[in-house]
Amino acid sequence: MARITLLGFGNVGQHLFYAFNKAGHQIIQVYNRTFLHVQPFVALFPKTRFVENLHSLSLDSDLYLIAVSDNAIQIISENLPTVNVGGVVAHTSGATSIKVLNTHPNYGVFYPLQTFTAGHEVDFSRIPICIDGDTESTIYRIEKIAQSLSKLIYRLNDRQRSILHVAAVFANNFTNHLFAIAAEICRENKIPFDILKPLIAETIHKIQTQSPDLVQTGPAKRKDLNTIQTHLRLLEEQPEFRKIYQMLSDNIIQMHSSKSD
């Protein structure tokens, strides 16, 4: 099993901490710039060293995994002391180039494609992990650790990973925002949002086995302009929601018109 140093202990870092421990790896140290944030874990995990200074790290890990916000990755990398030749420095970002780590002897990417929320446990065996490395040897070493968590391992270069990240924003962040809009519309009209949950569940269920464009339904798919206009009138007092409804309806009509041509 690998000796791992985690650099960052936010949502992603904490989920990886538990996943690596469960898989039998040794988390020898965790860096977090605010020690107060990790204080509750010190007594619970006495075999792991928690530090708030990068220069306090020991440099004998197999993997140094940077799990911080995208704009802090390069800062951490540049301030991380040069690690031993056997150690790999990797980050967990979908949108950041592998090249920000190129000052280290061996570097790569370990990107778990999932949404992480504090207090909500996830099953890593069902999470795709996208990997890359500066050499085939580095990729192999990252892959072995990734395979201990999940069998869904994908080798993607910088561009592919960035494109996947864009797609993930549409699939997760934007979709969740639309759920929030639906909840707000229900709340303002004294309708329980729970009424929509079976519909949401069925929508997610269908795309597990079918292409999303093939299971599209609704007034825009049917080009039911009368219903669309009725909905737009109902949203007149919520102009931002109205604008989103119009934009998405137009895009659905355009997408499905081009497919039928």
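A quick note: this is a predicted structure, and the numbers were derived from the prediction, not measured. (Residues numbered from 1 in each chain as written. Predicted model: local features only at pLDDT ≥ 70, side-chain atom pairs only at ≥ 80, totals over all residues. Heavy atoms only, no water.)

Caption draft 1: Representation of the environment of Ala220 in the model. If you trace the backbone, Ala220 turns up in helix H7 (residues 219-222). Ala220 sits in the buried class, given a relative accessible area of 6%. The spatial distance from the C-alpha of Ala220 to the C-alpha of Lys243 is 15 Å, given a sequence separation of 23 residues. Other than its neighbours up to four places away in sequence, Ala220 contacts Ile228, Ser249, Ile252 and Ile253. (Helix = DSSP H or I, 4+ residues; strand = E, 2+ residues; numbered from the N terminus. Buried < 20%, exposed > 50% of the residue type's maximum accessible area, 1.4 Å probe, protein only. Contact = heavy atoms within 4.5 Å.)

Caption draft 2: How the structure looks around helix H4 (residues 136-147). For H4, spanning 12 residues, the distance from its first C-alpha to its last is 16 Å, which sits close to the expected 16 Å at 1.5 Å a residue. Three or more residues of H4 are buried, namely Thr138, Ile139, Ile142, Ile145 and Ala146. Taken end-on, H4 shows its buried residues confined to a sector of 125°, consistent with a single buried face. Residues of H4 that are exposed and point more than 90 degrees away from the buried face comprise Glu136 and Tyr140. (Expected span 1.5 Å × (residues − 1). Arc of directions from axis to C-beta.)

Caption draft 3: Structural detail: the sheet that holds strand S3 (residues 49-51). With respect to topology, eight strands assemble into an open sheet ordered S3-S2-S1-S4-S5-S6-S7-S8, the strand pairing being mixed. Edge strands, defined here as strands with exactly one partner in the open sheet, are S3 and strand S8 (153-155). Within this sheet the neighbouring strands show an average axis-to-axis angle of 25°, counted without direction. The pairing of strand S5 (residues 88-91) with strand S6 (residues 107-112) spans three bridges and is parallel. For His91, the partnering residue across the bridge sits in S6 and is Val109. Running over the sheet, helix H1 (residues 11-22) touches strand S1 (3-7), strand S2 (26-31), S3, strand S4 (63-66) and S6 and is turned about 170° from S1. Across the sheet, helix H3 (residues 70-79) is in contact with S1, S2, S4 and S5; its angle to S4 comes to roughly 145°. (Pairing = 2+ DSSP bridges. Axes fitted to C-alpha atoms, helices over the stretch in contact; angles between N-to-C directions.)

Caption draft 4: Molecular detail of the layout of surface pockets. Each pocket or cavity is described by its volume, and for the second largest pocket that value is around 350 Å³. Together, 17 residues line the second largest pocket, and His15, Tyr18, Ala19, Glu121 and Val122 are the ones closest to its centre. (1 Å grid on protein atoms, 1.4 Å probe; cavity = no way out; pocket = protein on both sides within 12 Å on 5 of 7 lines; lining within 4 Å. Points joined across faces, edges and corners; volume = space filled by probe spheres on them.)

Caption draft 5: Up close: the packing of aromatic side chains. Across all of its chains, the model carries 10 aromatic pairs by this definition. Residues Phe17 and Tyr18 carry aromatic rings whose centres are separated by 5.8 Å and whose planes lie at 85° to one another, so their mutual orientation is edge-to-face. Taking the relative accessible area as the measure of exposure, Phe17 reaches 0% and is therefore buried. A relative accessible area of 42% means that Tyr18 is categorised as partly exposed. These aromatic residues form a ring-pair network of at least three members: Phe9, Phe17, Tyr18, Phe41, Phe45 and Phe50. (Phe/Tyr/Trp six-rings, centres within 6.5 Å; stacked < 30°, edge-to-face > 60°.)

Caption draft 6: Molecular detail of H1. Under the 1.5 Å per step criterion, the end-to-end length of H1 is 17 Å for 12 residues, consistent within 8% with the ideal 16 Å. Restricting attention to buried positions, one finds in H1 the residues Gly13, Gln14, His15, Leu16, Phe17, Ala19 and Phe20.

Caption draft 7: Structural context of the pairing of S2. Of all the six residues making up S2, five are buried; the element is thus mostly covered by neighbouring parts of the structure. In this sheet, S2 lies alongside S1 in parallel orientation, the contact comprising five bridges. Following the sheet pairing, Leu6 is matched in S2 by Val30. At this point the chain moves from S1, through H1, to the parallel S2, and the crossover so formed is right-handed. Following the chain from S2 across helix H2 (residues 35-42) to the adjacent parallel S3, one finds a crossover that is right-handed. (Right-handed = clockwise from strand over helix to strand, strands pointing away.)

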